[in-house]
Amino acid sequence: MDIAALTAMLGAIIGSVITTVGNILVSMIQSRKEHTDQAPGILVPQNYVLRRPKKHSFWLVVFIIVSIVVSITLSVVLVYMLGLNSPEQTSNLLTLETIQFDYPDSPLQHDWKLVEGNTELIAFTQIVDPKVGNALRITSPEENFYGLDLELNPRVKEFGDYLEVVSRYDDESASIYTYIGMTRIDGAYQTGWLKYKLGEGGPLPSQKTTGENEWVLYLTPESFSNTNWVKLQVDLDQAVHDTYGTDDWSFDKLLKFRIRGNITIDNITIYERVQ
(Lines give C-alpha, C1' and ligand atoms only; values in the text may rest on other atoms or scores of the structure.)
Protein backbone atom coordinates (compact mmCIF):
# COMPACT_ATOMS: atom_id res chain seq x y z
CA MET A 1 0.00 0.00 0.00
CA ASP A 2 1.48 3.37 -1.05
CA ILE A 3 1.65 6.57 0.95
CA ALA A 4 -1.38 8.08 -0.80
CA ALA A 5 -3.59 5.12 0.12
CA LEU A 6 -2.32 5.14 3.72
CA THR A 7 -2.98 8.86 3.98
CA ALA A 8 -6.51 8.49 2.62
CA MET A 9 -7.25 5.62 5.01
CA LEU A 10 -5.83 7.55 7.96
CA GLY A 11 -7.88 10.61 7.08
CA ALA A 12 -11.07 8.54 6.76
CA ILE A 13 -10.52 6.86 10.14
CA ILE A 14 -9.77 10.09 11.98
CA GLY A 15 -12.68 11.85 10.25
CA SER A 16 -15.04 9.08 11.33
CA VAL A 17 -13.78 9.26 14.91
CA ILE A 18 -14.21 13.04 15.03
CA THR A 19 -17.71 12.84 13.56
CA THR A 20 -18.80 10.05 15.93
CA VAL A 21 -17.40 11.72 19.05
CA GLY A 22 -18.87 15.04 18.01
CA ASN A 23 -22.33 13.58 17.42
CA ILE A 24 -22.30 11.79 20.77
CA LEU A 25 -21.23 14.88 22.68
CA VAL A 26 -23.73 17.12 20.89
CA SER A 27 -26.48 14.61 21.68
CA MET A 28 -25.43 14.58 25.34
CA ILE A 29 -25.58 18.37 25.47
CA GLN A 30 -28.96 18.46 23.76
CA SER A 31 -30.33 15.75 26.02
CA ARG A 32 -29.18 17.56 29.14
CA LYS A 33 -30.61 20.83 27.84
CA GLU A 34 -34.02 19.28 27.15
CA HIS A 35 -34.00 17.63 30.56
CA THR A 36 -33.25 20.84 32.42
CA ASP A 37 -35.78 22.80 30.36
CA GLN A 38 -38.67 20.63 31.50
CA ALA A 39 -41.17 22.25 33.82
CA PRO A 40 -40.83 21.09 37.44
CA GLY A 41 -43.30 18.52 38.68
CA ILE A 42 -45.91 18.90 41.36
CA LEU A 43 -43.67 17.75 44.20
CA VAL A 44 -41.11 20.51 43.92
CA PRO A 45 -39.72 22.56 46.80
CA GLN A 46 -40.96 26.09 46.94
CA ASN A 47 -37.48 27.55 46.45
CA TYR A 48 -36.72 25.37 43.37
CA VAL A 49 -34.83 27.28 40.64
CA LEU A 50 -34.57 25.93 37.06
CA ARG A 51 -30.89 25.60 36.15
CA ARG A 52 -28.95 24.67 33.06
CA PRO A 53 -25.59 23.01 33.25
CA LYS A 54 -23.79 25.85 31.55
CA LYS A 55 -20.49 24.97 33.09
CA HIS A 56 -20.68 21.35 31.99
CA SER A 57 -21.78 22.35 28.45
CA PHE A 58 -18.80 24.70 28.19
CA TRP A 59 -16.33 21.97 29.07
CA LEU A 60 -17.98 19.55 26.65
CA VAL A 61 -17.50 22.08 23.84
CA VAL A 62 -13.88 22.55 24.88
CA PHE A 63 -13.41 18.79 24.84
CA ILE A 64 -14.79 18.57 21.28
CA ILE A 65 -12.46 21.34 20.06
CA VAL A 66 -9.43 19.77 21.73
CA SER A 67 -10.32 16.36 20.23
CA ILE A 68 -10.47 17.86 16.74
CA VAL A 69 -7.14 19.68 17.16
CA VAL A 70 -5.43 16.56 18.52
CA SER A 71 -6.82 14.43 15.68
CA ILE A 72 -5.62 16.85 13.01
CA THR A 73 -2.20 17.12 14.64
CA LEU A 74 -1.92 13.33 14.88
CA SER A 75 -2.89 13.01 11.22
CA VAL A 76 -0.21 15.48 10.11
CA VAL A 77 2.47 13.80 12.25
CA LEU A 78 1.61 10.30 11.02
CA VAL A 79 1.51 11.35 7.37
CA TYR A 80 4.91 13.04 7.80
CA MET A 81 6.37 9.92 9.42
CA LEU A 82 4.95 7.70 6.69
CA GLY A 83 6.49 9.99 4.11
CA LEU A 84 9.91 9.81 5.79
CA ASN A 85 9.76 6.03 5.91
CA SER A 86 8.42 5.66 2.40
CA PRO A 87 10.92 3.92 0.09
CA GLU A 88 10.17 6.49 -2.59
CA GLN A 89 9.89 10.11 -1.57
CA THR A 90 8.41 11.11 -4.92
CA SER A 91 5.13 9.25 -4.46
CA ASN A 92 3.47 11.21 -7.29
CA LEU A 93 5.86 9.73 -9.86
CA LEU A 94 5.13 6.65 -11.92
CA THR A 95 8.19 4.65 -12.96
CA LEU A 96 8.29 4.16 -16.72
CA GLU A 97 11.73 2.58 -17.16
CA THR A 98 14.99 2.01 -15.31
CA ILE A 99 18.09 1.76 -17.49
CA GLN A 100 20.64 -0.39 -15.69
CA PHE A 101 24.42 -0.45 -16.19
CA ASP A 102 25.07 -3.68 -14.28
CA TYR A 103 26.66 -5.60 -17.16
CA PRO A 104 30.34 -6.45 -17.76
CA ASP A 105 30.44 -5.54 -21.46
CA SER A 106 29.94 -2.44 -23.61
CA PRO A 107 26.74 -0.34 -23.66
CA LEU A 108 26.92 -0.88 -27.42
CA GLN A 109 25.64 -4.37 -26.69
CA HIS A 110 22.67 -2.87 -24.80
CA ASP A 111 21.05 -0.55 -27.37
CA TRP A 112 23.44 2.39 -26.95
CA LYS A 113 25.07 3.78 -30.13
CA LEU A 114 28.41 5.48 -30.60
CA VAL A 115 27.80 8.82 -32.35
CA GLU A 116 31.26 10.38 -31.89
CA GLY A 117 34.75 9.19 -31.02
CA ASN A 118 36.69 5.98 -31.43
CA THR A 119 35.18 3.02 -29.64
CA GLU A 120 38.57 1.29 -29.47
CA LEU A 121 39.83 4.05 -27.16
CA ILE A 122 36.94 3.71 -24.72
CA ALA A 123 37.25 1.28 -21.81
CA PHE A 124 34.18 -0.24 -20.17
CA THR A 125 34.77 -1.83 -16.77
CA GLN A 126 32.22 -3.45 -14.52
CA ILE A 127 32.66 -2.58 -10.85
CA VAL A 128 31.00 -3.89 -7.71
CA ASP A 129 30.36 -1.19 -5.16
CA PRO A 130 28.92 -1.81 -1.66
CA LYS A 131 26.69 1.25 -2.00
CA VAL A 132 25.06 0.62 -5.41
CA GLY A 133 26.03 -2.92 -6.40
CA ASN A 134 27.10 -3.53 -10.01
CA ALA A 135 27.87 -0.44 -12.07
CA LEU A 136 29.80 0.49 -15.22
CA ARG A 137 32.92 2.65 -15.36
CA ILE A 138 33.53 4.40 -18.67
CA THR A 139 36.95 5.91 -19.34
CA SER A 140 38.44 7.54 -22.42
CA PRO A 141 41.42 9.78 -23.26
CA GLU A 142 40.65 13.49 -23.30
CA GLU A 143 41.30 13.73 -27.03
CA ASN A 144 38.71 11.02 -27.77
CA PHE A 145 35.60 13.18 -27.46
CA TYR A 146 33.08 10.37 -27.65
CA GLY A 147 29.31 10.33 -27.40
CA LEU A 148 27.04 7.40 -26.53
CA ASP A 149 23.34 7.83 -27.37
CA LEU A 150 20.29 5.84 -26.33
CA GLU A 151 16.98 6.22 -28.16
CA LEU A 152 13.95 5.72 -25.92
CA ASN A 153 10.83 3.69 -26.55
CA PRO A 154 7.64 5.51 -27.62
CA ARG A 155 5.92 5.28 -24.23
CA VAL A 156 8.88 6.79 -22.39
CA LYS A 157 9.22 9.50 -25.03
CA GLU A 158 5.57 10.42 -24.73
CA PHE A 159 5.17 10.43 -20.95
CA GLY A 160 8.63 10.69 -19.36
CA ASP A 161 9.13 14.07 -17.67
CA TYR A 162 11.21 13.41 -14.55
CA LEU A 163 14.64 11.76 -14.19
CA GLU A 164 16.85 10.25 -11.51
CA VAL A 165 20.45 9.36 -12.37
CA VAL A 166 22.71 7.51 -9.95
CA SER A 167 26.30 8.05 -11.04
CA ARG A 168 29.79 9.11 -10.10
CA TYR A 169 31.33 12.00 -12.01
CA ASP A 170 34.94 10.84 -12.14
CA ASP A 171 36.35 14.11 -13.55
CA GLU A 172 35.33 17.34 -15.28
CA SER A 173 34.81 15.60 -18.63
CA ALA A 174 31.81 13.61 -17.33
CA SER A 175 28.47 14.78 -18.71
CA ILE A 176 24.95 13.43 -19.09
CA TYR A 177 22.57 14.93 -21.65
CA THR A 178 18.92 14.68 -22.60
CA TYR A 179 17.61 15.40 -26.07
CA ILE A 180 14.14 16.90 -25.86
CA GLY A 181 11.29 18.13 -28.00
CA MET A 182 9.69 21.49 -27.22
CA THR A 183 6.59 23.38 -28.28
CA ARG A 184 5.55 27.01 -28.25
CA ILE A 185 2.15 28.60 -27.92
CA ASP A 186 2.21 29.63 -31.60
CA GLY A 187 2.38 25.94 -32.61
CA ALA A 188 6.12 25.88 -33.38
CA TYR A 189 8.22 22.81 -32.53
CA GLN A 190 11.95 22.39 -32.02
CA THR A 191 14.47 20.00 -30.47
CA GLY A 192 17.47 20.72 -28.27
CA TRP A 193 19.90 19.36 -25.69
CA LEU A 194 20.12 19.80 -21.95
CA LYS A 195 23.55 19.05 -20.48
CA TYR A 196 23.76 18.26 -16.76
CA LYS A 197 26.89 19.10 -14.78
CA LEU A 198 27.62 19.10 -11.06
CA GLY A 199 27.98 22.51 -9.49
CA GLU A 200 26.27 25.78 -8.70
CA GLY A 201 25.23 28.64 -10.91
CA GLY A 202 22.55 29.55 -13.37
CA PRO A 203 21.85 27.86 -16.71
CA LEU A 204 24.17 28.74 -19.59
CA PRO A 205 23.08 28.82 -23.25
CA SER A 206 25.01 28.03 -26.43
CA GLN A 207 27.54 25.60 -24.93
CA LYS A 208 27.37 23.63 -28.16
CA THR A 209 29.20 20.36 -27.61
CA THR A 210 26.43 18.68 -29.64
CA GLY A 211 26.25 20.87 -32.73
CA GLU A 212 22.61 21.81 -31.98
CA ASN A 213 20.68 23.99 -29.57
CA GLU A 214 22.10 23.35 -26.12
CA TRP A 215 21.90 24.60 -22.55
CA VAL A 216 24.04 23.63 -19.56
CA LEU A 217 22.30 23.09 -16.22
CA TYR A 218 24.37 22.97 -13.03
CA LEU A 219 22.79 20.72 -10.43
CA THR A 220 23.36 20.19 -6.72
CA PRO A 221 22.64 16.47 -6.36
CA GLU A 222 21.79 14.28 -3.42
CA SER A 223 25.03 12.72 -2.17
CA PHE A 224 25.42 9.19 -0.83
CA SER A 225 27.10 9.29 2.58
CA ASN A 226 30.84 8.59 2.63
CA THR A 227 31.01 8.01 -1.15
CA ASN A 228 31.40 9.92 -4.41
CA TRP A 229 28.07 8.58 -5.68
CA VAL A 230 25.35 11.13 -6.34
CA LYS A 231 21.72 11.08 -7.40
CA LEU A 232 20.73 13.71 -9.93
CA GLN A 233 17.02 14.57 -10.00
CA VAL A 234 15.70 16.51 -12.97
CA ASP A 235 12.20 17.87 -13.49
CA LEU A 236 12.20 18.30 -17.27
CA ASP A 237 9.29 20.75 -17.28
CA GLN A 238 11.17 22.99 -14.87
CA ALA A 239 14.49 22.47 -16.65
CA VAL A 240 13.04 23.66 -19.97
CA HIS A 241 11.26 26.54 -18.23
CA ASP A 242 14.60 27.71 -16.78
CA THR A 243 16.47 27.43 -20.10
CA TYR A 244 14.62 27.42 -23.41
CA GLY A 245 11.66 28.93 -21.60
CA THR A 246 13.35 32.33 -21.91
CA ASP A 247 12.15 32.17 -25.54
CA ASP A 248 8.70 30.82 -24.54
CA TRP A 249 9.44 27.15 -25.25
CA SER A 250 7.81 24.44 -23.12
CA PHE A 251 8.81 20.82 -22.60
CA ASP A 252 7.03 18.32 -24.85
CA LYS A 253 8.94 15.02 -25.10
CA LEU A 254 12.05 13.25 -23.87
CA LEU A 255 13.75 11.77 -26.94
CA LYS A 256 17.11 10.28 -25.94
CA PHE A 257 20.14 10.33 -23.63
CA ARG A 258 23.80 11.01 -24.30
CA ILE A 259 26.84 10.19 -22.15
CA ARG A 260 30.32 11.70 -22.46
CA GLY A 261 33.59 11.63 -20.55
CA ASN A 262 34.96 9.64 -17.63
CA ILE A 263 31.95 8.56 -15.63
CA THR A 264 30.77 5.64 -13.54
CA ILE A 265 27.05 5.04 -13.81
CA ASP A 266 24.64 2.75 -12.01
CA ASN A 267 21.19 3.54 -13.42
CA ILE A 268 18.90 6.07 -15.03
CA THR A 269 15.21 6.03 -14.06
CA ILE A 270 12.55 7.82 -16.09
CA TYR A 271 9.26 8.75 -14.43
CA GLU A 272 5.93 10.20 -15.42
CA ARG A 273 4.60 12.85 -13.09
CA VAL A 274 1.11 11.83 -11.99
CA GLN A 275 -1.31 14.57 -10.95
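**Student:** Whenever I open this one, the pairing of strand β3 (residues 123-129) confuses me. Can you help?
**Tutor:** On a regular strand, one side chain projects to one face of the sheet and the next to the other, so that they alternate. Sheet topology places β3 next to strand β4 (residues 133-139); seven bridges connect them, and they run antiparallel. The partner of D129 across the bridge, within β4, is G133.

**Student:** I tried to follow the packing of aromatic side chains on my own but got confused; where do I start?
**Tutor:** Two descriptors summarise a pair of aromatic rings, namely the distance from one centre to the other and the angle between the planes of the rings. All chains considered together, the criterion is met by six aromatic pairs. Ring centres of F101 and W112 lie 5.7 Å apart, and the angle between their planes is 45°; this geometry places the pair in the tilted category. Here F101 is found in the loop between β1 (93-100) and β2 (113-116), whereas its partner W112 is found in the loop between β1 and β2, with 11 residues between them in sequence. Both residues of the pair, F101 and W112, belong to the buried class. Three or more aromatic residues joined by ring pairs form one cluster here, namely F101, Y103 and W112. Looking at R184, its charged tip hangs above the ring of W249, at a distance of 4.5 Å from the centre.

**Student:** Explain a negative patch on the surface to me, please; I cannot follow it from the model alone.
**Tutor:** On the surface, E142, E143, D171 and E172 cluster together to form a negatively charged patch. Looking at the secondary structure, you find D171 in the loop between β6 (162-169) and β7 (175-183). Owing to a relative accessible area of 34%, D171 belongs among the partly exposed residues under this scheme.

**Student:** Could you clarify how one ought to interpret the sheet that holds β2 in this entry?
**Tutor:** In a beta sheet, neighbouring strands pair by backbone hydrogen bonds and run either parallel or antiparallel. Strand order in this open sheet of seven strands is β2-β5-β13-β7-β8-β10-β9, and the pairing throughout is mixed. Only two strands of the sheet have a single partner each, and these edge strands are β2 and β9 (204-205). By the bridge criterion, six bridges tie strand β8 (residues 189-198) to strand β10 (residues 214-219) in an arrangement that is parallel. When the sheet's bridge partners are listed, Y196 is paired in β10 with L217.

**Student:** Honestly, the pairing of strand β14 (residues 263-273) in this entry has me stumped. Any pointers?
**Tutor:** Within β14, nine of the 11 residues are buried, which leaves the element mostly enclosed by the surrounding structure. Of the strand pairs in this sheet, β4 and β14 are connected by three bridges, and their pairing is antiparallel. Bridged to I138 within β14 is I263. Pairing analysis gives eight bridges linking β6 to β14, with the strands arranged antiparallel. Note that in β14 the partner of E164 across the bridge is T269.

About the cut-offs
- Residues numbered from 1 in each chain as written.
- Predicted model: local features only at pLDDT ≥ 70, side-chain atom pairs only at ≥ 80, totals over all residues.
- Heavy atoms only, no water.
- Pairing = 2+ DSSP bridges.
- Helix = DSSP H or I, 4+ residues; strand = E, 2+ residues; numbered from the N terminus.
- Phe/Tyr/Trp six-rings, centres within 6.5 Å; stacked < 30°, edge-to-face > 60°.
- Buried < 20%, exposed > 50% of the residue type's maximum accessible area, 1.4 Å probe, protein only.
- Lys NZ or Arg CZ within 6 Å of the ring centre and 35° of its normal.
- Patch = residues over 30% accessible without salt bridge, like charges linked within 9 Å, V, L, I, M, F, W, Y side chains within 5 Å.
- Areas by Shrake-Rupley, 256 points an atom, 1.4 Å probe, with all protein chains shown as cover.
- Salt bridge = Lys/Arg side-chain N within 4 Å of Asp/Glu carboxyl O.
- Lys, Arg positive; Asp, Glu negative; His and termini not counted.
- Charge placed at Lys NZ, Arg CZ, Asp CG, Glu CD.

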